[in-house]
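# Reading the structure
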There are 2 protein chains.
Amino acid sequence: MTLLDSTALHGSLQDPVLGSLSFLNEVMGRYPDAISFAPGAPHPVFFADFDPDEYVQCFLDHLVRDRGLDRTAARRRLYEYGPSAGIITDLVGQALRDDHGIEVDPASVVITVGAQEAMFLVLRALFAHPGDVLAVADPCFVGILGAARLLEVPVVGVPEGTDGIDVDRLEQECRAARRAGGRVRALYVSPDHANPGGSRMSLRCRHRLLELADREDFLVVEDNAYGFTSPAHALLPPLKALDRSARVVSIGTFAKICFPGARVGYVLADQWVTDGSTGRRERFAAKLTAIKSMVTVNTSPLCQAVIGGMLLRHGGSLAELGRRRAGVYQRNLGHLLDALDRHVGTVEGSGISWNHPDGGFFVRVHLPVPADVDLLEVSAGQYGVLWTPMAQFYLGHDGDHQLRLSCSYLDPAQIEVGVQRLATFFRKEISA
Amino acid sequence: MTLLDSTALHGSLQDPVLGSLSFLNEVMGRYPDAISFAPGAPHPVFFADFDPDEYVQCFLDHLVRDRGLDRTAARRRLYEYGPSAGIITDLVGQALRDDHGIEVDPASVVITVGAQEAMFLVLRALFAHPGDVLAVADPCFVGILGAARLLEVPVVGVPEGTDGIDVDRLEQECRAARRAGGRVRALYVSPDHANPGGSRMSLRCRHRLLELADREDFLVVEDNAYGFTSPAHALLPPLKALDRSARVVSIGTFAKICFPGARVGYVLADQWVTDGSTGRRERFAAKLTAIKSMVTVNTSPLCQAVIGGMLLRHGGSLAELGRRRAGVYQRNLGHLLDALDRHVGTVEGSGISWNHPDGGFFVRVHLPVPADVDLLEVSAGQYGVLWTPMAQFYLGHDGDHQLRLSCSYLDPAQIEVGVQRLATFFRKEISA
């Protein structure tokens, strides 16, 4: 029998980042009755009456009405192969224009298999030389770290405070990379309620970051999965809306504002790429599309139709789709923070603290002891409550004493009981 | 404005292989009235009464009846995130068992975004060391070449005759690679009616290949997209069914036997991977799943449900799904070969010849002149007929005088007129 030795497989497979998803699923599978603050998944209430076919029909009507197809041709467009860039690039472009005033040529948009594929394509296209470095906010979404590992892209972390990434530190990293004969090629950052950091970039920080990107000549890869959860009175413009020099590549997902099972995301990449020898130029999106044709060929047009129909039913607006969902997450986050104050805040002198984000799905809790896999087993097995160790989100060891709580998948009553269990767990196992 | 120089992007983007898809689409777009022998897409007749929702309901019934879920939980499984390995691994495993007698643990199956993602995952997992070489049948499907380019995997071509790959030559390549300090890590091959070569591996060749794989210690990556089009009386077992030592990784697609818009494929990877330090072992499929979690997270469960429903409606059999489709392609291939004999066969002394496959979508035509992009423009613009230059499928220049005709997307009447146009084109532009 053929046995493969793990050391003969690609090195990324030795990285714990690649196993992080399956590890969490495995733990959750063993404790089905535990209350889980682990999954950052959309709340199931949105799927109670959900009917994808209704939106497919809406999109077909659009193809017939607005694009002049007959019904047979419209239906075939959903079932056959399609363009690698996607069949709803115009709808997404229009939505970004209407929602944020971003000028979007549909040829600058690629529809991807979730935001994850978008990250992967951007990294593959941008990282060509051994000295090219990817800077990331630290802590950081594991998806971008995993994609970087698969492509052997070196990653450097930049600390994040509550007001966003440390721009001065990023500047130092740019200089350090240049001194080492390379350069920071791109920064990946989630400016609004980052997963898992929870920070939110101030307007001033956004402007400073874009100035630095111009000065140091790197691209900013913006992932705005959680912007829609901001309080309505405190919305900030995405980096792409402030971008005057095509520095920003903007990645989005429909997983949170529509549904994850569609596996539909997008990337807006309006930079011009010039070919030195021919003088020809095309959008960076065209390059991402060429790469996509060799990774997934195209994103399921059937799934794109469901998402297209949902967009159309909400006035063609991503923001409107988000607004319909934001209330549940605002409510849940409020419950979680309030319950932590009431139940855990009373554990005096415990050395336990947490951040107080005003949006997003996540709260970070600092413990006086390592929040590791062993502690998670105790929490799950003896106290019936699950969370995510933060260590996997950090490049170094800064997160070893932290855990992440997600409120997105739970109801207020579950959050209440879950935090009570957490408080008991903290009191019995952790307090000094 | 940010301008990106194409030389600062990943080298794969300079490779014509990555632009091959968009090039063909572009040409077809400019000549909408031409008869196109270019697309290797399933015939549209299968989508006339196609209703994905009908199959979704069938799959939901299955989840309720066979897996004990209530209807709400079953529906949520389609809309939420799901396991990266997929939710129809059991159905696919059962189908491979029933159809071909292959013993399949569902944990050896990963559901992918088409066969393309499966190729990509396998290459990423297997190619870890600079000396590792991928051998491919030459000519070769561009998808595997493109994936190799993205991952900077060196590729060596092995010629293919009508009876399959040249096993002796492959053995020589194995030795050459070892002498150079590396090794042939895997062979990619499509044993039945390969796209575009059209060859079919004899039973003897299949056995010899598997023996060589054992002797030289490489994996065989089998892509069986076209096996279902074989004449019913002449079916041959897939390599995986002959594989006694877990040498074969088997890749499949539902694009041809169900519909391309689902973007659903699979990979069967039942090799055991051992971890030298811990002694733990798991299936190679688990490693592919970990990589997939950082490329596309998971394959749309909604799309998997459509495919799962189609499988269930056809007795859980991939072969039965294929049988329902095979007739159209057998008929079309017969028409194409017959029309070539009648219309082109009369161009005497022309130096034009073609192969005579007994299955698949494709016929290869040899010309006495280069079948290049310039010639394609003449064919499309002046004679109203499109085809695919074969050069892009070859690693070297062996295909420069060849073109590929696909019969899958046309009706017999279109094939007749198309071949008449081809014959005129050949007579006026090419004959000696």
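Coordinates for the structure precede this section.
One numbering rule holds for all chains: residues counted from 1, following each sequence as written. Lettering for chains starts from A, numbering for ligands starts from 1, and both go in the order in which the items are written. Local features in this predicted model are restricted to residues whose pLDDT is 70 or higher, and side-chain atom pairs enter the listing and the counts only when it is 80 or higher, whereas totals over whole chains, interfaces and linings include all residues. The side-chain values count all of the structure's non-hydrogen atoms but skip hydrogen atoms and water molecules.

### A word on the sheet that holds strand β12 (residues 281-283) of chain A
If you walk across this open sheet you meet the 3 strands as β12(A)-β11(A)-β1(B), and the pairing is mixed. In the strand order of this sheet, the two ends are held by β12 of chain A together with β1 (3-5) of chain B, each with one partner. Averaged over all pairs of adjacent strands, the angle between strand axes in this sheet comes to 35 degrees, irrespective of strand direction. Contacts are assigned to residue pairs that have any heavy atoms within 4.5 Å of one another. Fitting a line to C-alpha atoms yields each axis, with helices limited to the stretch in contact; the angle taken between N-to-C directions then spans 0 to 180 degrees. In DSSP terms, a helix is any run of H or I states spanning at least four residues, a strand is any run of E spanning at least two, and both are numbered starting from the N terminus. The strands that helix α10 (residues 284-292) of chain A touches are β11 (272-274) and β12 of chain A together with β1 of chain B; relative to β12(A), the one it contacts most, it runs at about 75 degrees. Paired strands are those between which DSSP finds at least two bridges.

### Looking at the sheet that holds strand β14 (residues 362-366) of chain A
Spatially, β13-β14-β17-β16 (chain A) is the arrangement adopted by the 4 strands of the open sheet, whose pairing is antiparallel. Of all the strands in the sheet, just β13 (353-354) and β16 (388-389) of chain A have a single pairing partner and so form its edges.

### What to know about the side chain of A:N298
As for its position among the elements, A:N298 is in the loop between α10 and α11 (301-313). The term polar contact refers here to a pair of N or O atoms within 3.5 Å; inside protein, the definition further demands a hydrogen-donor-capable atom paired with an acceptor-capable atom, and it admits residues adjacent in sequence only when both atoms are side-chain atoms. A distance of 2.9 Å separates a polar atom in the side chain of A:N298 from a polar atom in the side chain of B:R263. The contact partners of A:N298, leaving out residues within four places of it in the chain, are A:Y81, A:G82, A:P83, A:S84, A:K292, B:V113 and B:R263.

### Some words on the nonpolar core
What makes a nonpolar core is a set of buried Ala, Val, Leu, Ile, Met, Phe, Trp, Tyr and Cys residues whose side-chain atoms join them at distances within 4.5 Å. Only protein chains enter the area calculation, which uses a 1.4 Å probe; residues under 20% of their type maximum are buried, those over 50% are exposed, and those in between are partly exposed. Counting 95 residues, the largest nonpolar core has A:F254, A:F259, B:F254 and B:F259 as the members making the most contacts within it. With sequence-adjacent residues up to four places away left out, A:F259 is seen in contact with A:F47, A:F50, A:F254, A:V306, A:I307, A:M310, B:L78, B:Y79 and B:L302. In terms of nonpolar packing, the next biggest core, distinct from the first, is built from 92 residues, A:F284, A:A285, B:L4 and B:V17 among them.

### Structural notes on unusual backbone geometry
The omega torsion of the bond from A:D138 to A:P139 falls at 10 degrees, within 30 degrees of zero and hence cis. Its place among the elements puts A:P139 in the loop between β4 (132-138) and α6 (142-150).

### Section: helix α8 (residues 203-216) of chain A
All names here are of chain A. One fewer than the residue count of a helix, multiplied by 1.5 Å, yields its expected span. Between its first and last C-alpha, α8 extends 20 Å over 14 residues, near the 20 Å set by a 1.5 Å rise per residue. Burial in α8 covers these residues: C205, R206, L209, L210, L212, A213 and E216. Buried residues along α8 cover an arc of 160 degrees about the axis, so they all sit on one side. Opposite the buried face of α8, by more than 90 degrees, sit the exposed residues R204 and R215. Here the buried face of α8 lies against β6 (164-165), α7 (167-179), β7 (183-189), β8 (219-223), α9 (239-242) and β9 (248-253). In the segment just after α8, D217 is the residue with positive phi, at about 60 degrees. Arc, as used here, means the arc of the directions from the helix axis to the C-beta atoms.

### Quick look at the packing of helix α2 (residues 52-67) of chain B against helix α3 (residues 71-79) of chain B
All names here are of chain B. The geometry of α2 relative to α3 is characterised by a closest axis approach of 9 Å and an angle of 125 degrees between their N-to-C directions. Judged by the inter-axis angle, α2 sits oblique to α3. Handedness of the crossing formed by α2 with α3: right-handed. Contacts between α2 and α3 involve V56, Q57, F59, L60, D61, L63, V64 and R67 from the first element and R71, A74, R75, R77 and L78 from the second. Partitioning the contact of α2 with α3 into residue classes produces 7 nonpolar, 1 polar and 5 charged. Note on angle classes: values under 35 degrees are labelled roughly parallel, values over 145 roughly antiparallel, values of 65 to 115 roughly perpendicular, and the remainder oblique. Crossings are classed by handedness, with left-handed meaning an anticlockwise turn of the near helix from the far one by less than a right angle and right-handed meaning a clockwise turn. We call Asp, Glu, Lys and Arg charged. Ala, Val, Leu, Ile, Met, Phe, Trp, Tyr, Cys and Pro are nonpolar, and the rest, Gly among them, are polar.

### A short note on the environment of B:P196
Inspection of the secondary structure assignment puts B:P196 in the loop between β7 (183-189) and α8 (203-216). Take B:P196: its relative accessible area is 0%, and that puts it in the buried class.

### What about the interface of chain A and chain B?
Of the residues lining the interface, 85 residues belong to chain A; the matching set on chain B comes to 85 residues. Buried area counts how much accessible surface, traced with a 1.4 Å probe, disappears from two parts once they are put together, with both parts' losses summed. Buried area between chain A and chain B, both sides added, is near 7,000 Å², and the carbon and sulfur share of it is 63%. Salt bridge, as used here, is a side-chain nitrogen of Lys or Arg placed within 4 Å of a carboxyl oxygen of Asp or Glu. Counting across the interface, chain A meets chain B through 0 salt bridges. Taken together, the links from chain A to chain B amount to 42 residue pairs in polar contact (both at pLDDT 80 or more). Looking at which element gives the most residues to the side of chain A that touches chain B, the answer is helix α5 (residues 114-126) of chain A, with 6 residues. Judged from the 3 bridges that link them, β11(A) and β1(B) form a sheet pairing that is parallel. Residue pairing across strands places A:W272 opposite B:L3, the latter belonging to β1(B).

### Re the side chain of A:S199
Residues and elements named next belong to chain A. Summarising the element assignment, S199 is placed in the loop between β7 and α8. Assessed through its relative accessible area of 5%, S199 is described here as buried. Beyond its immediate sequence surroundings of up to four residues, S199 is in contact with E160, G161, T162, G164, P191, D192, H193 and A194.

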